[in-house]
Amino acid sequence: MSTSATPPTVMTSEAWAKQWKEKNATWHKDVTHKFLQKHLDKLLAARENIKIFVPLCGKAVDIKWLSDMGHTVTGVELVEQAITEFFEEQQVEYTTELAESVNGRLFKSIDGKIRLYQCDLFNYSSTIEGQFDAIWDRGSLCAMNVEDLRRYVDLMVSMMHQDCRYLLATYDYDGSRYGGPPHNTPDDQITALFGERCDIQRLEYEDICSEKHKKWGLEAIYEKLDLITLK
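Predicted, not measured: the structure shown is a model, and the values here were computed from it.

Calculation criteria
Residues numbered from 1 in each chain as written. Predicted model: local features only at pLDDT ≥ 70, side-chain atom pairs only at ≥ 80, totals over all residues. Heavy atoms only, no water. Pairing = 2+ DSSP bridges. Helix = DSSP H or I, 4+ residues; strand = E, 2+ residues; numbered from the N terminus. Axes fitted to C-alpha atoms, helices over the stretch in contact; angles between N-to-C directions. Phe/Tyr/Trp six-rings, centres within 6.5 Å; stacked < 30°, edge-to-face > 60°. Buried < 20%, exposed > 50% of the residue type's maximum accessible area, 1.4 Å probe, protein only. Core = buried A, V, L, I, M, F, W, Y, C linked by side-chain atoms within 4.5 Å. Contact = heavy atoms within 4.5 Å. Polar contact = N/O pair within 3.5 Å; in protein donor to acceptor, adjacent residues only side chain to side chain. Parallel < 35°, antiparallel > 145°, perpendicular 65-115°, else oblique. Left-handed = near helix turned anticlockwise from the far one by under 90°. Nonpolar A, V, L, I, M, F, W, Y, C, P; charged D, E, K, R; others polar.

**Student:** Go over the sheet that holds strand S7 (residues 160-173), please, and point to the residues and values.
**Tutor:** Across the sheet, nine strands lie side by side as S3-S4-S5-S2-S1-S6-S7-S9-S8; this open sheet has mixed pairing. Looking at which strands have only one partner, the edges of the open sheet turn out to be strand S3 (94-99) and strand S8 (198-207). Taken pair by pair, the neighbouring strands of this sheet meet at an average axis angle of 20 degrees, ignoring direction. Across eight bridges, S7 lies against strand S9 (residues 221-230) in antiparallel orientation. Across the sheet, leucine 167 pairs through a bridge with leucine 227, a residue of S9.

In structure tokens, the structure reads:
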């Protein structure tokens, strides 16, 4: 008896909001991501007080960790609940204002070092706050619906300053057994998306398979980290 492959899951804005509302944001980590800690030097490249972009940032504690070092961190997140929970849980005072340019709102720390836009990611562009010195992408690309991947990468590349350092964390698994998210992002797909315009350096490839992943139907899953720089 034949079995059909599992198609990639298509996520809507309502579906993401529901995950947060039901406290089912299982991708969130309460500690700074170990890849970011280990390879911080690759992201910063000995630069101080730089501008860092975090797409689909959720309430990542990485944001405050980077801001506490003196960097300015700009994030984009669709779900307002995730943003307000970030400021409340990290005990960071903030203000909020309409951001008509992105059809959303801007939540920013009093010192201006943390700037989180609540909006559709594709409403954001380099015209808002210019290009960035670094991008920390943990699970953002692999949260994208397949049909949006090319547009996503075009947006990321457009926001890269010439010396931008882009740390990209993604997952590698048998995509026929689980539809995501996070979506399977094989190396050939990353090369196809970035290869013409960027150099790609592999930094990590780690087996992270756990009982959670086995419940997804997976026998193996790897988290990987690449450093993306403009050619």
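**Student:** Run through the packing of aromatic side chains, naming residues and quoting values.
**Tutor:** Inspection of every chain in the model, using the stated rule, returns 10 aromatic pairs. Residues phenylalanine 53 and tyrosine 124 carry aromatic rings whose centres are separated by 5.5 Å and whose planes lie at 20 degrees to one another, so their mutual orientation is stacked. One end of the pair, phenylalanine 53, is in strand S1 (residues 51-55); the other, tyrosine 124, is in the loop between strand S5 (114-118) and helix H6 (126-129), with 71 residues separating them in the sequence. We note that phenylalanine 53, like tyrosine 124, is buried. Ring geometry for tyrosine 94 against phenylalanine 107: centres 6.0 Å apart, planes inclined by 40 degrees, an arrangement best described as tilted. Pair noted here: tyrosine 94 is in strand S3 and phenylalanine 107 is in strand S4 (residues 104-109), with a separation of 13 residues, a long-range link. Owing to a relative accessible area of 29%, tyrosine 94 belongs among the partly exposed residues under this scheme. Given a relative accessible area of 3%, phenylalanine 107 falls into the buried group.

**Student:** So, the nonpolar core: which residues are in play, and what are the values?
**Tutor:** If you look at the biggest cluster of nonpolar residues, it comprises 30 residues, and the most contacted ones within it are Phe53, Tyr166 and Phe194. Apart from the residues within four sequence positions on either side, phenylalanine 53 is in contact with Thr74, Val76, Leu121, Tyr124, Phe132, Ala134, Ile135, Trp136, Met156 and Met159. One finds Phe35, Ile63, Leu66 and Leu167 within the second-largest nonpolar core, a separate group that totals 27 residues.

**Student:** With reference to specific residues and values, describe the side chain of lysine 224.
**Tutor:** Looking at the secondary structure, you find lysine 224 in strand S9. Residue classification places lysine 224 among the buried residues on the basis of a relative accessible area of 0%. In terms of polar contacts, lysine 224 uses its side chain to reach the side chain of aspartate 187, at 2.7 Å.

**Student:** Give a detailed account of the packing of helix H7 (residues 149-158) against helix H8 (residues 187-194), specifying residues and quantitative values.
**Tutor:** Orientation of H7 relative to H8, taken along the N-to-C sense of each, is 55 degrees, at an axis distance of 10 Å. By the angle between their axes, H7 is oblique relative to H8. Note that H7 runs across H8; the crossing there is right-handed. Residues Leu149, Arg150, Val153 and Val157 of H7 form the contact with H8, whose participating residues are Gln189, Ala192, Leu193 and Phe194. Class assignment of the residues belonging to the contact of H7 with H8 gives a composition of six nonpolar, one polar and one charged.

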